Amino acid sequence: MKYMKLGSRPDTFYTSDSVRSISSEVSSDLIVQVKGSRYLLHKFPLLSKCLRLQRLCSESPDSQQYQIVQLPDFPGGIEAFELCAKFCYGITITISAYNIVSARCAAEYLQMTEDVEKGNLMYKLEVFFNSCILQGWKDSIVTLQSTKSFPSWSEDLDITSRCIEAISAKIIAQPSRVNLSHNHSRRGRDDVSCNGGESHRHKAKGWWAEDLVELSIDLFWRTLIAIKSGGKIPSNLIGDALRIYASRWLPNVPKDSNVNKDLESDMGSDSVVGDLRSKHRLLLESIISLLPAERGAVSSSFLLKLLKAANLVNASSSSKMELARRVGIQLDEAKVSDLLIPTKDSTLYDVDIVLTILEQFTLQGQSPPISPTRGKNGFERRRRSRSAENIKFEFQESRRSSSASHSSKLKVGRLVDGYLQEIARDVNLPLSKFIAVTEAVPDFARVDHDDLYRAIDIYLKAHPDLNKSERKRLCKILDCKKLSMEACTHAAQNELLPLRVVVQVLFFDQARIATAGGPVTELPSNIKALFAQNGDPRKPTSSLSTNATAVAPEDQWSVTGLKSPKSKLATLRMKLAEDEDLEDNYTNEIGNNSKVKAVCSLPTGPKRMLSKLWSINRSAGEKNCQ
């Protein structure tokens, strides 16, 4: 860090009876009062360099021994005044980045200009400021930080803007070079000399972000605006700087916490909480306004952390909507834990904001990949002026873009199913919100429904008071054709599921078993079409596992010791007996035939399909017996 020494005389100031005086053979004739402190000094050295003191002394009447001058609003206080007084006496003073702002404001206040005396303090401070302070990275940051104690003076004297311009110019000129990191000098970073030279060091992108973290939010905001206006800094480096700054100043939001209780317990009284919330709200909204527009400049995890903080500090609805929009653009990068946003309501998590994020994601216009248009002789002909290589390249790029779009929706589908398993444990979560989150994902985004079934099962266990219609409404979103064998085995004996769902599970499970045991060509066309939608049933099904999130041991499915597929129909008989409507209508008709019971509870289409399936099984069995 650079410094400047002025004067050559030793310091002879001393304190006696709460009055600061200077040792001199000449009697004092001037008393200066600065913010409660009294200085017993001499007129000649001070008035010869301070135009303001000249005017004040000429306006006030002379006393017999001392003339009194009061300076109640002196910038910088007694330290800055004493520094100027010592300069007038020729006593040695040291100027550095830590005190140049206060010294410059004090000299301006006392009007220590060149018109009063050549080589006065204002001139010397300006020369040092422009030639050394603004040329050094460390000195510029320290000086900029010290301007917050004198905001109006620093703005009027153009100190703040000049520091910001110097800092942004260095970053734009050397965006990848490490230098001048005063906060991290232990990492081997050096300073830049007064003439701008620098030593050779390793390079690292974003080296400047950690050094700016101690700036107040208004100074940081202005500095980032100046850096962005240069147009040479990549957006991801701007995003890194915002992430570092937010992690330094924004409060942490722990998972599964009550926002109000945690904040009040940490900060004390309501007034303190309110003031701190206002400060954090300003900081958060300033960071949001600085977010780069480019996708991927900041991570989804960081955006969702900002969203959690927005709930904590009661940020404006517009700020939350802006964050939700940005998260929706890159939702496929998020994790389940990122979406668990604490709320102040009765529920554990803010499901409404997640619904808004999902809505923003669907508005991106992404669609699943489609086959390219074909003509009679293959792909549609392009203009003859384009080469075959260009055609092939463009086609590959379009397929890659389309596949990425479809892949992102598949990732979001798994993400939402994992999120549903987490919020399903909330006993205060309304059924309508759970279903709304489920239906926010398009059907093709769920390759299988195993994770969705697990979420439904968890919700049913956490909400045992659901009536029959509510359970049917909940399970209506489940597609039994997309359940694995393990999921079907569990669902067939799940006492919490509605009867119709169990019947559908049994039907598709029996159809899958029959298809695996005989050639597909023997099946009726409608059953073939049914399985064609779900892939080849003879392929081994994947084990039931959650891709998006881990499941608590009590929520895992245990299939050990389950009954054989034949005994599933016995479970169906028990559930049929519990269903009053079916029992009243079909008791005399179904008798002891468990297979007929399953058919009676199905819609007309599945009934015919299952009847044909059983007839095929019988005929196949008879052929085997022959």
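Notes on the structure follow. (Residues numbered from 1 in each chain as written. Predicted model: local features only at pLDDT ≥ 70, side-chain atom pairs only at ≥ 80, totals over all residues. Heavy atoms only, no water.)

**A few points about the sheet that holds strand β4 (residues 30-34)**
Spatial ordering of the open sheet is given by β2-β3-β5-β4-β6, a layout of five strands whose pairing is mixed. Every interior strand has two partners, whereas the edge strands, β2 (13-16) and β6 (67-70), have only one. If you compare each strand with its neighbour and ignore which way they point, the axes differ by 25 degrees on average. Pairing between β2 and strand β3 (residues 19-22): four bridges, direction antiparallel. Bridging from a neighbouring strand, phenylalanine 13 pairs with isoleucine 22 of β3. Of the strands in this sheet, β2, β3, β4 and β5 (37-41) touch helix α3 (residues 77-89), which is tilted by about 5 degrees from β5. (Pairing = 2+ DSSP bridges. Helix = DSSP H or I, 4+ residues; strand = E, 2+ residues; numbered from the N terminus. Axes fitted to C-alpha atoms, helices over the stretch in contact; angles between N-to-C directions. Contact = heavy atoms within 4.5 Å.)

**Some remarks on the pairing of β4**
Two faces make up the sheet, and in a regular strand the side chains alternate between them. The buried fraction of β4 amounts to four of the five residues, a majority that puts the element mostly inside the structure. As paired strands, β4 and β5 are joined by five bridges and run antiparallel to one another. Bridge pairing in β5 links isoleucine 31 to leucine 40. Linking β4 back to β5 in an antiparallel pair, the connection comprises two residues, with lysine 35 at a positive phi of about 50 degrees. (Buried < 20%, exposed > 50% of the residue type's maximum accessible area, 1.4 Å probe, protein only.)

**As for the packing of aromatic side chains**
Enumeration according to the criterion identifies 10 aromatic pairs in this entry. Arranged with centres 6.1 Å apart and planes meeting at 85 degrees, the rings of phenylalanine 13 and tyrosine 89 form a pair that is edge-to-face. Residue phenylalanine 13 is located in strand β2, and its partner tyrosine 89 is located in helix α3; the two are separated by 76 residues in the primary sequence. The burial state of phenylalanine 13 is the same as that of tyrosine 89; both residues are buried. Relative to phenylalanine 508, the ring of phenylalanine 507 lies with its centre 4.9 Å away and its plane at 65 degrees, an arrangement referred to as edge-to-face. In terms of burial, phenylalanine 507 and phenylalanine 508 fall into one category: buried. Three or more aromatic residues joined by ring pairs form one cluster here, namely Tyr39, Phe74, Phe81, Tyr109 and Trp153. Above the ring of tyrosine 109, the side-chain terminus of arginine 52 is found at 4.0 Å from the ring centroid. Its guanidinium or amino end placed over the ring of tryptophan 249, arginine 248 lies 4.0 Å from that ring's centre, counting from NZ or CZ. (Phe/Tyr/Trp six-rings, centres within 6.5 Å; stacked < 30°, edge-to-face > 60°. Lys NZ or Arg CZ within 6 Å of the ring centre and 35° of its normal.)

**Quick look at the packing of helix α18 (residues 431-439) against helix α19 (residues 450-462)**
Their axes nearest at 12 Å, the elements α18 and α19 cross at an angle of 175 degrees. With respect to α19, the axis of α18 lies roughly antiparallel. Seen from α18, the contacting residues are Leu431, Phe434 and Thr438; seen from α19, they are Leu452, Ala455, Ile456 and Tyr459. Here the contact of α18 with α19 is built from residues that sort into six nonpolar, one polar and no charged. (Parallel < 35°, antiparallel > 145°, perpendicular 65-115°, else oblique. Nonpolar A, V, L, I, M, F, W, Y, C, P; charged D, E, K, R; others polar.)

**Points about the state of the cysteines**
Enumeration over the complete set of coordinates arrives at zero disulfides. Just so you know, cysteine 50 is unpaired, no disulfide at all, and the nearest cysteine sulfur is the one on cysteine 88, 3.9 Å from it. Looking at cysteine 50, the relative accessible area reads 1%, which means it is buried. Free cysteine cysteine 475: the closest other cysteine sulfur is in cysteine 480, separated by 8.7 Å. (Disulfide = S-S within 2.5 Å.)

**A look at the environment of valine 298**
Tracing the backbone shows valine 298 in the loop between α12 (270-290) and α13 (300-312). Between the alpha carbons of valine 298 and aspartate 240 there is a distance of 7.1 Å; along the sequence they are 58 residues apart. If sequence neighbours within four positions are ignored, valine 298 has contacts with Gly239, Leu291, Leu303 and Gln330.

**What about unusual backbone geometry?**
Residue glutamine 111 is not a glycine yet carries a positive backbone phi of 60 degrees. Considering the arrangement of structural elements, one finds glutamine 111 in the loop between α4 (100-110) and α5 (121-133). Notably, aspartate 158 is not glycine yet its phi reads approximately 65 degrees, a positive angle. Its location among the elements puts aspartate 158 in the loop between α7 (151-156) and α8 (159-173). Residue aspartate 158 is classed as partly exposed on the basis of its relative accessible area, which comes to 38%.

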